[in-house]
Structures are given as C-alpha cells and as structure tokens.
Amino acid sequence: MSTGTREFKTIGVIGLGTMGAGIAEVFARHGYDVVGVEVDEDGITKGRQHLEGSTARAVKRGKLTEEEQTELLGRVSFATSLSGLADADLVVEAVVESLAVKKQIFADLEAVVKPTAVLATNTSSLSVTEISTANASPGRVVGVHFFNPAPVQGFVEVVRTVVTEPSVVEDVSALVRTLGKNPVVCGDKAGFIANTLLFGYLNHAVSMYENRYASREDIDAAMRFGCGYPMGPLALLDLIGLDTAYEILETMYRQGRDRLHAPAPILKQMVTAGLLGRKSGRGFYSYE
Ligand code: CAA
C-alpha cells in the first residue's frame, strides 16, 4: 500500500503476545500481508489462537463477516526465525520490555531485512535511541507505540530519535493513518506522552489498594462512574499485564526518579506470584 514515499506491503511482527498479536491483527485487517515471528512453535500456536479468538469475537459481534475473517487470517503467515522477515517493508518488534533482548533483535535484523525496510519498536518505556544503536542503520529505526487492545484503541505514538530520518517518521505516520488510527509524533523520553501521564495514576491506585484504603471495586468504580473512564485503574492494570506495568514503572522510575513511578511493592509481589492479570487468569480480579 502506498502511503508516503515508501511502499508498505509486507509487515513483520516480532513477538505475538498480547500487543504483537493485536498489532498483527490490525495490519491484516487493513489488507497488509503479515509475517508473525515467535521463538518456537508453542509461541506461534498461542499467537494464532489469539488472532483466531479475537477475529471470531468480531464475527460474533457482526463487525467482520466469516469470509473477511478467513481472508484476514489468510494474510498472516508465521516463522520461528527472523529470516522469515526477508520481504518485510516494515518490521514491528513487540517482544518483552527487555533492552538486552530488543537490542539483540535489532542487531540481528540487519543481516536479514531489505536495506530499505523500516524497523520499529513497540516499546512502552525503553529508549528507542538505545535500541536503534544496535542496528547498523539507526536512521531507519522509529518507535510505534500502540495501545491495548491494539485493534480498538485509535491512537499510536510515533517516536522519533535524534537520528531517525524525517521521511521514516512521515511515512510511518501515513501508514498508521491507513489503519484508521491517529498518529502523534513525539520525542524519545521514557513513557512518551500517554504512559507518562497514565502510570503515576495507575501506581497510585495500586498503593491505595495496598494500604487497604478502599476495595478494588470501589477504587475502580470511582474512576468509572465518578470520572467517566472506560475502566477503573486496577481492571486496566489487569488488561495491560502486571509484569508489563511493573517494567514500565521501573524504567520510568529509573529514568526520572519521580516517586510517582516507584512501583508499589505489592505489584512486584503479584508479578512474582504469577498474578499477571487477564493473561494468567488472575490479577487484581479473577478471570477463570
Ligand atoms: N480485541 C478486539 N476488540 C476488542 C477487544 C480486543 N481485545 N476488547 C474489546 N474490543 C472491542 C469490542 O468488540 C467492542 O466493539 P464494539 O463496541 O464495536 O462491538 C468494543 O471494543 C468495546 O468492548 P466491550 O463492549 O467488550 O467492553 P468495553 O466497552 O468495556 O470496552 C475496552 C473495552 C475497549 C478495553 C475499554 O474498556 C477501554 O478502552 N479501556 C481502556 C483501555 C486503555 O486505557 N488502554 C490503554 C492502556 S495503556 C497501553 O496500552 C500502553 C502501554 O504501553 C501499556
């Protein structure tokens, strides 16, 4: 599909967890060929199940016909190695929030992707600049930060570093518009715009719960019914994933040393105990 000066047809998505699978769905939904990369067959099976489940829900709600679902799923192929990304015009990395893992991927991508391919990271809080320096061509590296659930939220932060080529930022922003989403361009600072504003609030809600100031239901109800938020902070943390939320807070705290972002101790305890939210069946609430 033609957007700005670049032609984007095949999109690679590395990591098919909650965000990666959602991002793969969004691109396939809008006519792009998608190659989803996972570390092993088990990861691919989970990614495929996520896509099938999400699109089946859309069919049930009358937002997608069965034929459209079949076509959409037919546009997604899978690979267990980065070499599956040889034809990608854009690669979106959506693996765990680990700088070391992401840097290794961006270093390895150099040998397999086309020289013209744009490389994007969906990191929520790590330095896009630092990730980009692992690649031999940091000018083609950009942040594309989708929100959860990616098929629903209509906003994407396009993060430019001091060395991202301006045409990359323009073309990726144009591409985001073809997905029916609003791109905003911002600089490379932990948390970007939305998470910087959101995570202090979420962390505060966890502290309130930890201190037994109010019940989880009442904390959530206050923000839903008192302030009109679509969901309360503890339910939202369960959606985001407590492990992801912890990593984001920890990174933001390390960078800014703002007490607002010092992760509430119970968050770490819940992550250690495997209470990760919706994806593990239990977090602040139970989903089993
Ligand atoms: N995939 C696809 N579609 C989904 C979906 C999913 N996982 N979850 C919900 N939807 C769709 C539903 O199909 C439904 O569509 P229609 O109304 O067109 O039928 C619509 O979204 C609303 O869903 P529900 O009626 O089931 O539930 P809801 O009205 O409570 O909405 C919600 C659910 C969209 C999650 C809404 O509560 C919401 O927007 N919550 C806030 C989410 C948010 O703040 N996200 C940002 C998190 S921060 C982040 O992501 C950044 C980061 O780096 C971690």
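Residues numbered from 1 in each chain as written. Predicted model: local features only at pLDDT ≥ 70, side-chain atom pairs only at ≥ 80, totals over all residues.

Once that is clear, we can look at the site of the ligand. Surrounding the ligand, one finds 18 residues, the nearest of these being Ser124, Asn148, Pro149, Pro151 and Pro230. Looking at the shell around the ligand, the elements with two or more residues in it are helix H2 (41-60), helix H7 (194-210) and helix H9 (233-240). When grouped by side-chain class, the residues that make up the shell around the ligand number 9 nonpolar, 6 polar and 3 charged. The residues that make up the shell around the ligand include at least three from each of domain 1 (10-186) and domain 2 (195-280). (Near = placed C-beta within 6 Å. Helix = DSSP H or I, 4+ residues; strand = E, 2+ residues; numbered from the N terminus. Nonpolar A, V, L, I, M, F, W, Y, C, P; charged D, E, K, R; others polar. Domains from an automatic or database assignment.)

In contact at an axis separation of 7 Å, helix H8 (residues 216-226) and H9 are set at 100 degrees when each is read in the N-to-C sense. The angle between the axes of H8 and H9 places the two elements in the roughly perpendicular class. Of the residues in H9, those in contact with Arg216, Ile219, Asp220 and Met223 of H8 are Pro233, Leu234 and Ala235. Along the lines of polarity and charge, the residues of the contact of H8 with H9 split into 5 nonpolar, no polar and 2 charged. (Axes fitted to C-alpha atoms, helices over the stretch in contact; angles between N-to-C directions. Parallel < 35°, antiparallel > 145°, perpendicular 65-115°, else oblique. Contact = placed C-beta atoms within 7 Å.)

So, on to unusual backbone geometry. The general pattern is negative phi for most residues beyond glycine and trans for most peptide bonds. With an omega of 0 degrees, the peptide bond between asparagine 148 and proline 149 qualifies as cis. Inspection of the secondary structure assignment puts proline 149 in the loop between strand S6 (141-145) and strand S7 (155-159). Even without glycine at this site, phenylalanine 192 takes up a positive phi of about 50 degrees. Looking at the element boundaries, phenylalanine 192 is found in the loop between strand S8 (182-186) and H7. Here arginine 257, not a glycine, exhibits a phi torsion of approximately 55 degrees, which is positive.

Moving on, we come to helix H10 (residues 242-256). Its 15 residues give H10 an end-to-end C-alpha distance of 21 Å, which sits within 8% of 21 Å, the value for a rise of 1.5 Å per residue. Among the residues making up H10, those that are buried are Leu242, Asp243, Thr244, Ala245, Tyr246, Glu247, Ile248, Leu249, Thr251 and Met252. The elements touched by buried residues of H10 are H7, H9 and helix H11 (265-272). At the exit of H10 stands arginine 257, carrying a positive phi of roughly 55 degrees. (Expected span 1.5 Å × (residues − 1). Buried ≥ 20, exposed ≤ 12 C-beta atoms within 10 Å, placed from the backbone.)

Right, let's talk about the sheet that holds strand S3 (residues 76-79) for a bit. The strand order across the open sheet built from 8 strands is S3-S2-S1-S4-S5-S6-S7-S8, with neighbouring strands paired in mixed fashion. Among the strands making up the open sheet, the edge pair consists of S3 and S8. Each neighbouring strand pair of the sheet contributes to a mean axis angle of 25 degrees, computed without reference to strand direction. When S6 meets S7, the two strands line up antiparallel, connected through 3 bridges. The partner of valine 144 across the bridge, within S7, is valine 158. (Pairing = 2+ DSSP bridges.)

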